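# Topology and contacts: notes
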Amino acid sequence: MTGDERTSEKLVELAKRRGYFFQSSSAYGGVGGFYTFGPQGAALKRNVEDAWRERFTVGEGNVEIDAPTIMPEAVFEASGHLETFDDMLVECPDCGESHRADHVVEDNTDYEDAESLPIPEVEEVIAEYELVCPSCGAGLAGQAVEDFNLMFATNIGPGDAQPGYLRPETAQGIFVEFPRLKEYARNTLPFGVTQIGRAYRNEISPRRSIIRVRELTQAELEQFVDPAGDGPDLSDVEDVTVTLYPASEQQAEDGEPYETTIGDAVAEGTIADEWIAYYLGVAKPWYESLGVDMDRFRFRQHLAGERSHYASDCWDAEAEIDGGGESSDSGYWIELAGFAHRGDYDLSKHDAHSEDRYTVFRQYDEPKTVERAVVDPDMSYLGPEFGADAQRVVEELETLAGRDRSAFSAAATAAEDSSGDESEPRDGAAVEIDLDGETHEIPVEKTGFSVDEQTEAGEHVIPHVIEPSFGVDRLVYTVLHHAYREDEVDGEARTYLELDPEIAPTFVGVFPLQSDEALEAEATAIARALRAAGLSVAYDDSGNIGRRYRRQDEVGTPFCVTVDYETVEGQEKTVTVRERDSTAQKRLPVSDLAETLSALRAGELAFEDLEG
C-alpha cells in the first residue's frame, strides 16, 4: 500500500483524535453507519452548509423550508419509495452477513456500475467470478440476490398508530408542501425551494466511514419550471470550464472524461437540458471555493440503466479519493451530488394520490375558445349501483373523458343504432372503467357526457422539477481528504489540513508564549476581542509553543497569534501571527488585529503582502 493509498486511513484516525468525526455509541459497541461529528467536524459541516445556503438559496433568489423528518406512509406510497427505493442484497450462507451485491461485484471485478445491472445478471456475475463473502470468504455463487427496501419504518402515535417512515431524502418534504409553496411564489414559474436536513437510509453494508452512512445530511434544491417555458440565462456560466464524463464516453472502449465549457457542452448536445447545464456551471466554482481539488473532480452522466425511473437525465458531481485500504485501485470516485431532471413525476404522483392540486395556472396571452369533454353523471344511478365507490366512479369517468373522449362517442353511436329499451345497456353502449383491478361498464346515457365549447384564460400545468441534490457528509469528507498534507518543519514531520479560511472550523489560535500571568491576561483579552469580531478562536496555553502550533495545524486552523513579552512590554502592542501553510510569521499591531484577520479570512488580503 502506497503512502497516498493510506490517506483515508490516516484521515479517519486524525478525525477521531482531533474531533472531526467518529463512530457513534462506541461505549456500547457502536452501530454501523452512524457517526457523530465532534467539535471540529460540526463546525466544518455547519460552515459548508452555510456556504451552500449562501450560494444556492440566497444567491439564486430561492426560499428555504424545514420539513419534518418523519412523514406518513401515504406520502411514500404516492412517491413510489415503498416500491422502488431498494438496493440489491446478498446474504452469506455461512456467516449470515448481508452485503450489497453490486458492491461485491464492483470491488472484485472490472464492472464499475453494477448497480445498473438487473438482478439475474448480478447473480450470473457472482457465479462466473466465484465471488466470496467479504466477511468470512464463503462462496456466494448460487445465493439469491434480492431487493431490500432502505427506508426506516416507524409508528406515529400510540395504540393502533399510523404507520410512517423516516424520510430517505429531504425532497419529499418540499414536494408534499407544493400547493402552499406555490402560493408563496405567487403561482409564478420558475421558482426554487431549498432544504438542508437529515435523511435516513437503512444501508445494507455502510462503509468508508462517513461516505456511506445510515443517517446523512442532504442539501437539496427543487427548481420548479414550466415545461413549455424558457430555460435559464446561461451567460453567467457558459464560460465555466468543466470536466465531463458523458454516457457515450463511458460506453466507448477508449472513452475518457474530457474538458470543455458549459456553453460548448450545451451547443454540442452533450448536456441536453439547459437547467442541468446551468447548475453544473454554478456548482463547479462553488466546489472549488471550498477546497475540492479540481484535478480530482468531474461530472459523470448516469447510464440509462442506473438512472432513476423518473429522471430523463442525471449528472453526478464526483470526487476522487483513495480506496482507504478497501480497494486495489489508488483512486476511488464518490458521488458528491446529483443533478437530475425529474420531469413531472413527483408532483403528478402527489396530485393523483392526495386531495390537493399540484398544478400552476398558466395564463394565455389571449383567451382561447376550446372544446372540452365533460361528464355530469346521474348520481341516482351511480349511488345505488356503486355505494361508497360512486365518487371514485365519477373521478374515473372524468379522467376517461379528458384522456379518450372517443370512448364515449363510439359507445353513444352504438347505443343510437340499437333497438329496444335504451335504459338497458347493450354491446357497445357503455364505457368501461377500472376500480381496484375490476372492470365495470357504465351506460353512456348515465355519464352525462358532452363536448362543450369553453373560453379559457389559461390552463393548469404540472411543473417539471430540476433537482440539484448535495450530500453534505461526503463533501465534508472530500474537503478534508483533499486538504490533507504531510511535510517537515525544522526537521520534524508535520501533518496539517490546508482548509480554506472561510470554512475552517477554527480560524485563529491564540497562545500566551508561556505560563505567565501578564501574558495569559493579554492573550485572553485578545481572544475575547477576536470572538467579538465574529472570528472562531481557540485559546491554548498547554504545552510548548511548537506543540500548540502542531495541534492547530492538524485541525486546519489558518492562523495562530502568539502573545509574548514584547506584546506586554513594548511601546506599541504587537503580536506574532503565524500562517499555517508556509509557517511564516509576521509581527502585527494588536490594534489592527481583528480587522486584518477578518480581511484575510474574506480573501481581501494575502498574508505575504502584509508588512511586519
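Reading guide: rules and limits
- Residues numbered from 1 in each chain as written.
- Predicted model: local features only at pLDDT ≥ 70, side-chain atom pairs only at ≥ 80, totals over all residues.
- Heavy atoms only, no water.
- Salt bridge = Lys/Arg side-chain N within 4 Å of Asp/Glu carboxyl O.
- Helix = DSSP H or I, 4+ residues; strand = E, 2+ residues; numbered from the N terminus.
- Buried < 20%, exposed > 50% of the residue type's maximum accessible area, 1.4 Å probe, protein only.
- Phe/Tyr/Trp six-rings, centres within 6.5 Å; stacked < 30°, edge-to-face > 60°.
- Lys NZ or Arg CZ within 6 Å of the ring centre and 35° of its normal.
- Expected span 1.5 Å × (residues − 1).
- Arc of directions from axis to C-beta.
- Pairing = 2+ DSSP bridges.
- Axes fitted to C-alpha atoms, helices over the stretch in contact; angles between N-to-C directions.

Turning next to the pattern of salt bridges. Following the criterion strictly, the structure yields 39 salt bridges and no others. Here Asp102 ties to Arg100 by a salt bridge, and the two come within 2.6 Å at their closest N and O atoms. Put simply, Glu467 and Arg342 hold a salt bridge, and the shortest N to O gap is 3.0 Å. Of this pair, Glu467 sits in strand E21 (residues 464-471) while Arg342 is found in strand E16 (residues 332-343), placing the two residues 125 residues apart along the sequence. This pair shows no difference in class: Glu467 is buried, exactly as Arg342 is. Residues joined by salt bridges that share partners form a network here, namely Asp113, Arg298, Arg300, Glu306, Asp316 and Glu318.

Another aspect to go through is the packing of aromatic side chains. For the structure on display, the rule yields 26 aromatic pairs. When the ring of Tyr278 is compared with that of Tyr279, the centres are 5.1 Å apart and the planes differ by 75°; the resulting orientation is edge-to-face. The exposure class of Tyr279 is buried, given its relative accessible area of 1%. On the numbers, 5.1 Å between centres and 80° between planes, the contact of Phe297 with Phe299 is edge-to-face. Both residues of the pair, Phe297 and Phe299, count as buried. Here the aromatic residues Trp52, Phe56, Trp286, Tyr287, Phe297, Phe299, Phe339 and Phe470 are joined through ring pairs into a cluster of three or more. We note Arg298 situated over the ring of Trp333; from NZ or CZ to the ring centre the distance is 3.9 Å. The positively charged end of Lys586 is found above the aromatic ring belonging to Phe607, 5.4 Å away from the centroid.

A few words now on helix H14 (residues 390-403). The end-to-end C-alpha distance of H14 is 20 Å, a good match for the 20 Å that 14 residues give at a rise of 1.5 Å each. All of the buried residues in H14 are Ala390, Val393, Val394, Leu397, Leu400 and Ala401. Summarising the axial view, the buried residues of H14 lie within an arc of 125°, below the 170-degree limit, and thus occupy one face. Residues of H14 that are exposed and point more than 90 degrees away from the buried face comprise Gly402 and Arg403.

Strand order in the open sheet formed by 3 strands is E6-E5-E7, with antiparallel pairing between adjacent strands. Each edge of the sheet is formed by a strand with only one pairing partner; in this case those strands are strand E6 (98-100) and strand E7 (145-149). In this sheet, adjacent strand axes meet at a mean angle of 45° when their direction is disregarded. When strand E5 (residues 86-91) meets E7, the two strands line up antiparallel, connected through 5 bridges.

By themselves, these observations are geometric and do not establish any function.
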